[in-house]
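Take a look at the letters that make up each chain.
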Amino acid sequence: MVKVEKVKFEGWNCIRVSGGGTDVYVTVDMGPRIIGLTHNGGKNHMAVFEDTKGKVIKSDKFVAYGGHRIWHAPEDKNRTYFSDNNPCDVKLFGDGCKVTAPIEKETMLRRGFDVKINDAGEVTLTHFIENCGLFDVELSIWGLSQFAVGGLLTAPISTLDTGLVANANISLWPYGKMNDRRVYWGEKFVTVKPDTLETPPFKFGMSIDEGYAAYFNHNQLFVKRMEYYFGAEYPNYSCNFESYTCKDFIEIEVLSPMLTIEPGDTETIAEQWKLYDNVTMPERNDETAIVKALDGKTQW
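If you're wondering where the values come from, they're calculated on a predicted model, not measured in any experiment.

Conventions used here
- Residues numbered from 1 in each chain as written.
- Predicted model: local features only at pLDDT ≥ 70, side-chain atom pairs only at ≥ 80, totals over all residues.
- Heavy atoms only, no water.
- Buried < 20%, exposed > 50% of the residue type's maximum accessible area, 1.4 Å probe, protein only.
- Helix = DSSP H or I, 4+ residues; strand = E, 2+ residues; numbered from the N terminus.
- Pairing = 2+ DSSP bridges.
- Core = buried A, V, L, I, M, F, W, Y, C linked by side-chain atoms within 4.5 Å.
- Contact = heavy atoms within 4.5 Å.
- Arc of directions from axis to C-beta.
- Axes fitted to C-alpha atoms, helices over the stretch in contact; angles between N-to-C directions.
- Phe/Tyr/Trp six-rings, centres within 6.5 Å; stacked < 30°, edge-to-face > 60°.
- Lys NZ or Arg CZ within 6 Å of the ring centre and 35° of its normal.
- Polar contact = N/O pair within 3.5 Å; in protein donor to acceptor, adjacent residues only side chain to side chain.

### Things to note about the pairing of strand β11 (residues 152–156)
Counting buried residues along β11, 5 of its 5 residues qualify, which places the element largely inside the surrounding structure. Both faces of β11 are covered, namely the face carrying Leu152, Thr154 and Pro156 and the face carrying Leu153 and Ala155. Pairing geometry for β11 and strand β16 (residues 212–217), over 3 bridges, is antiparallel. Across the sheet, residue Leu152 finds its bridge partner in β16, namely Phe216. Both β11 and strand β14 (residues 189–192) contribute to a ladder of 4 bridges, which runs antiparallel. Opposite Leu153, over in β14, you have Val192 as the bridge partner.

### Notes on the nonpolar core
Membership of the largest hydrophobic core comes to 45 residues, with the highest contact counts inside it found for Ile34, Val115 and Phe241. Apart from residues lying up to four places away in sequence, Val115 is in contact with Val24, Val26, Ile34, Asp95, Gly96, Cys97, Val123, Thr124 and Leu125. Grouped together as the second largest cluster of nonpolar side chains are 12 residues, Leu152, Phe216, Val223 and Ile290 included.

### What to know about unusual backbone geometry
Between Gly31 and Pro32 the backbone carries a cis peptide bond, its omega angle lying at 15°. Here Pro32 shows up in the loop between β3 (22–27) and β4 (34–39). Following Ala73, the chain continues to Pro74 via a peptide bond in cis, the omega torsion being 5°. Tracing the sequence through the fold places Pro74 in the loop between β5 (67–73) and β6 (89–93). Notably, Met108 is not glycine yet its phi reads approximately 60°, a positive angle. For Met108, a relative accessible area of 33% gives the class partly exposed. Phi at Ser238 takes a positive value of approximately 70°, unusual for a residue other than glycine. For Ser238, the position within the fold is in helix α1 (residues 235–238).

### Details of the environment of Ser238
Judged by relative accessible area, Ser238 falls into the partly exposed class, the value being 23%. Counting along the chain gives 31 residues from Ser238 to Ser207, while the straight-line C-alpha distance between them is 6.5 Å. Ignoring any residue separated from it by four or fewer positions in sequence, one finds Ser238 in contact with Asn169, Met206, Ser207 and Ala232.

### So, helix α2 (residues 287–294)
Burial in α2 covers these residues: Glu287, Ile290, Ala293 and Leu294. Buried residues along α2 cover an arc of 120° about the axis, so they all sit on one side. In α2, the exposed residues that point more than 90 degrees away from the buried face are Thr288 and Lys292. Looking at the packing, one finds that the buried side of α2 touches β11, β13 (183–185), β14, β16 and β17 (220–226). Phi turns positive, to about 75°, at Gly296, one or two residues after α2.

### What about the sheet that holds strand β7 (residues 96–100)?
Across the sheet, which stays open at both edges, the 10 strands sit in the order β6-β7-β8-β9-β21-β17-β16-β11-β14-β13 with antiparallel pairing between neighbours. The sheet terminates laterally at β6 and β13, the two strands that pair on one side only. This sheet shows a mean twist of 15° between the axes of neighbouring strands, independent of strand direction.

### Let's talk about the packing of aromatic side chains
Counted according to the given criterion, the structure contains 17 aromatic pairs. Geometrically, the ring pair formed by Phe62 and Tyr81 is edge-to-face, given 5.8 Å between the ring centres and 85° between the ring planes. In this pair, Phe62 is assigned in the loop between β4 and β5 and Tyr81 in the loop between β5 and β6, connecting sequence segments 19 residues apart. We classify Tyr81 as partly exposed; its relative accessible area is 28%. Note on Tyr175 and Tyr244: the rings are 6.1 Å apart at their centroids and 75° apart in plane angle, and the pair reads as edge-to-face. Residue Tyr175 is located in the loop between β12 (170–172) and β13, and its partner Tyr244 is located in strand β18 (residues 241–245); the two are separated by 69 residues in the primary sequence. Counting every residue linked through ring pairs, the aromatic cluster contains Phe49, Tyr175, Tyr244 and Phe249. Looking at Arg69, its charged tip hangs above the ring of Trp71, at a distance of 4.0 Å from the centre. A cation sits over an aromatic face here: Lys77 above Tyr81, 4.5 Å from the ring centre.

### Let's talk about the side chain of Thr22
Of note, Thr22 is situated in strand β3. Taking relative accessible area as the criterion, Thr22 reaches 2% and is therefore assigned buried. Polar contacts involving the side chain of Thr22 include one to the side chain of His39, which spans 2.8 Å. Apart from residues no more than four positions distant in its own chain, Thr22 is found in contact with Val17, Leu37, Thr38, His39, Ile117, Gly121, Val123 and Leu275.

Written out as structure tokens, the structure reads:
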């Protein structure tokens, strides 16, 4: 049975969207953020930071609260890191909610997302950006999920047979090293195992035409599904998926193709989430075990 209700979570006022044993906690006093994601009473999969837990910091600067948020890409210090410290407009539905941030005065963009769930615990998250200004805006809609450390990210490498031309891409950031010990470049997957040591951050991006990425943690498996549009222009050398990791969290990021939003128009990008119980985390370089653990769980 699906249930939508107002609750407190980690000190914040939230909307809890529940179904199939999965609980999604959406902040209303700032954000919008999905600050909590649990399954069958298990641990929170989202990263939450002790110094900002339960707080709404009154500042015009961006604050790292954790959880899932919506941004717009390409990333730029002057257009990306806007404050989301203000109350959101909230609408409740029978199977979820719609949460919208105030208009960004610098860009005249308004962003938010719809969260819906069904009795099977399948979450559909639809991000939207509305152009409230006078001019066209070009961007990519960008959904970033910050997950708790201790798990294993798996991102599938394309198996598309394109003959004599390349079938996929990997993008790197200048602060990352290809020989970073947290990363395994496999035959079927790129895997990342974050840790809490004081190591430099690492980020990579790729084109995932397989349509999913997964994260093992807390004896559970999280799967995020996304669309890949062949031939579309994506940011950062054609990435529809990116991941950033540091000692505090690991991100599972989904990007839309580059879009031109005309004044008064709204564009969207959707992703689907699902959690599975009693899934043992494989070794990061054991691709046979990863394939077995994911079997039957990446499509629904």
